[in-house]
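What follows is each chain in one-letter form.
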Amino acid sequence: MPPLPSHAFAVSPDNTAFQDHHLAQRTQDNGANLPVNPNSAYAFGSYLGTGIYRVPDQNATIVSIPLSFDLQKNNDSRTWLRLPLSFGFFDYLAKEITEGELPSSVGTMTLTPGIEHHWRASTNTRIEAYLDLGFGTNFETDNNVAIFASGLSSLYDVSVLGQESVWVSRLRFVGYSEQIGRLTDQFAVLQSGVDLGLSTRWQWWNRQVQPRLFAVGYWYFNELNFSDDKGQDNLVSGSYELGVTFAFSRPLGEKLLDIDRIGLSYRTGDGLNIWRLVLSFPI
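Residues numbered from 1 in each chain as written. Predicted model: local features only at pLDDT ≥ 70, side-chain atom pairs only at ≥ 80, totals over all residues. Heavy atoms only, no water.

Colleague: Honestly, the overall build of the protein chain in this entry has me stumped. Any pointers?
Modeller: Each helix and strand in the protein chain was counted, giving 4 helices and 16 strands. Looking at the protein chain as a whole, 48% of its 283 residues are labelled buried. A total of about 14200 Å² of accessible surface is found on the protein chain, and carbon and sulfur atoms cover 59% of it. (Helix = DSSP H or I, 4+ residues; strand = E, 2+ residues; numbered from the N terminus. Buried < 20%, exposed > 50% of the residue type's maximum accessible area, 1.4 Å probe, protein only. Areas by Shrake-Rupley, 256 points an atom, 1.4 Å probe, with all protein chains shown as cover.)

Colleague: I'm lost on the packing of aromatic side chains in this one. Help?
Modeller: The description of an aromatic ring pair rests on the distance of the ring centres and on the angle between the ring planes. Going through the model one piece at a time under the given rule, you end up with 6 aromatic pairs. Ring centres of Tyr 266 and Trp 275 lie 5.0 Å apart, and the angle between their planes is 50 degrees; this geometry places the pair in the tilted category. The class for Trp 275 is partly exposed, based on a relative accessible area of 42%. Here a set of aromatic residues connected by ring pairs shows up, and it is made of Trp 204, Trp 205 and Phe 248. (Phe/Tyr/Trp six-rings, centres within 6.5 Å; stacked < 30°, edge-to-face > 60°.)

Colleague: Any chance you could explain the nonpolar core here in plain terms?
Modeller: Within soluble globular proteins, side chains that are nonpolar generally end up buried alongside one another. Counting residues in hydrophobic clusters, the biggest one holds 23 residues, and the most contacted among them are Val 145, Ile 147, Val 174, Tyr 176 and Phe 187. Excluding anything up to four places from it in sequence, Ile 147 contacts Ala 43, Tyr 47, Thr 110, Thr 112, Asp 132, Leu 133, Gly 134, Phe 135, Gly 136, Gly 175 and Tyr 176. (Core = buried A, V, L, I, M, F, W, Y, C linked by side-chain atoms within 4.5 Å. Contact = heavy atoms within 4.5 Å.)

Colleague: Even after reading the chapter, I still don't get the environment of Asn 138, so can you show me in this structure?
Modeller: Checked against the element boundaries, Asn 138 lands in strand β8 (residues 125–138). With 29 residues separating them along the chain, Asn 138 and Met 109 place their C-alpha atoms 6.8 Å apart. Here Asn 138 is in contact with Asn 39, Tyr 42, Phe 90, Gly 107, Thr 108 and Asn 143, once residues within four sequence places are set aside. At a separation of 2.9 Å, a polar atom in the side chain of Asn 138 contacts the main-chain amide nitrogen of Glu 140. Among the polar contacts made by the side chain of Asn 138, one reaches the main-chain amide nitrogen of Thr 141 at a distance of 3.3 Å. (Polar contact = N/O pair within 3.5 Å; in protein donor to acceptor, adjacent residues only side chain to side chain.)

Colleague: Would you mind showing me how to read the environment of Glu 164 here?
Modeller: If you trace the backbone, Glu 164 turns up in strand β10 (residues 163–177). Not counting residues up to four positions away in its chain, the partners in contact with Glu 164 are Val 158, Gly 197 and Arg 212.

Colleague: I would appreciate a short explanation of a nonpolar patch on the surface in the present structure.
Modeller: A cluster of nonpolar residues, Trp 202, Trp 204, Trp 205, Leu 213, Val 244 and Phe 246, forms a patch on the protein surface that exposes about 590 Å² of accessible area. When contributions to the nonpolar patch are tallied by element, the ones reaching two or more residues are β12 (202–204) and β14 (233–252). Among the secondary structure elements, Phe 246 is positioned in strand β14. With relative accessibility at 33%, the residue Phe 246 sits in the partly exposed group. (Patch = residues over 30% accessible without salt bridge, like charges linked within 9 Å, V, L, I, M, F, W, Y side chains within 5 Å. Salt bridge = Lys/Arg side-chain N within 4 Å of Asp/Glu carboxyl O.)

Colleague: Would you explain the side chain of Arg 261 in this entry?
Modeller: Within the secondary structure layout, Arg 261 lies in strand β15 (residues 259–269). Side chain to side chain, Arg 261 and Asp 195 meet in a polar contact 2.9 Å long. Setting aside its immediate chain neighbours within four residues, Arg 261 contacts Asp 195, Arg 212, Thr 245, Phe 246, Ala 247, Phe 248, Val 278, Leu 279, Ser 280, Phe 281 and Pro 282.

Colleague: What's the story with the side chain of Thr 245 in this structure? I'm lost.
Modeller: Relative to the helices and strands, Thr 245 is located in strand β14. A polar side-chain atom of Thr 245 sits 3.1 Å from a polar atom in the side chain of Arg 261. Residues in contact with Thr 245, not counting those within four places in the same chain, are Gln 210, Pro 211, Arg 212, Phe 214, Arg 261, Ile 262, Gly 263, Val 278 and Pro 282.

Colleague: In this structure, what is going on with the pairing of β8? I would like to understand it.
Modeller: Regular strands place their side chains on alternate faces of the sheet. Bridge count between strand β6 (residues 108–111) and β8: 4 bridges; the pairing is antiparallel. In the strand pairing of β8, Thr 110 is matched with Gly 136. Relative to β8, strand β7 (residues 114–120) runs antiparallel, the two sharing 7 bridges. By the bridge assignment for β8, Arg 120 is matched with Arg 126. Once β7 ends, the chain turns through 4 residues before running back antiparallel as β8. Relative to strand β9 (residues 143–160), β8 runs antiparallel, the two sharing 14 bridges. (Pairing = 2+ DSSP bridges.)

See below:
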């Protein structure tokens, strides 16, 4: 669910691009730069997505694994246990990944269990909500943080040119605390977009395949500072994304991988240029 940097491309199981995030500064409304605790890199990693996060004096490569288990499911609603798990590796960069080198040790770990519930509010409207509460730990410094996140989404089914389409709006919040009763850092994002089905369909591996187009906008309530591979910073308050996916009538990999789409998108805004490989619903 989730959201990104310059010149990025890779596969992530949680449907995000391979990201190069610079979290060394956060900008206030008045434009002043505030130092950010390095714990922000791994505390937010499960929600910003798999990628390379830059913090003072270090790079942290975060790998996120979105585990989940159904608790209840019927035609009108579904409830499941979320177990987002992520691991961080300090100073392990994209070049080493492409060369097949493995990290020598695990630097951080986060586990943020929570409950997600989807239900049908009306014939054309579905609502989704989740609440997570977990922890993160930095094995190098022995620091621990409490992490909490929540989100609310609406999905409205519409017909465009006679084809099934969906308009999606999502509001997400993530925060963490190093001390009881005190919020250390946070970020929130609003995203809204449309996923449009096309009339063309064909059979492939005993599955019906439908091409679909999507467009989505992202607006951050507090600016995030991203950097590209040349180290230049971009203060991001909003971005836009366009893409195409191929939707399968039956997931690839069945229960093991559960890939119901494959696609590619391009995201831009405030100096960002990102290519994203899509492996699930893109908005």
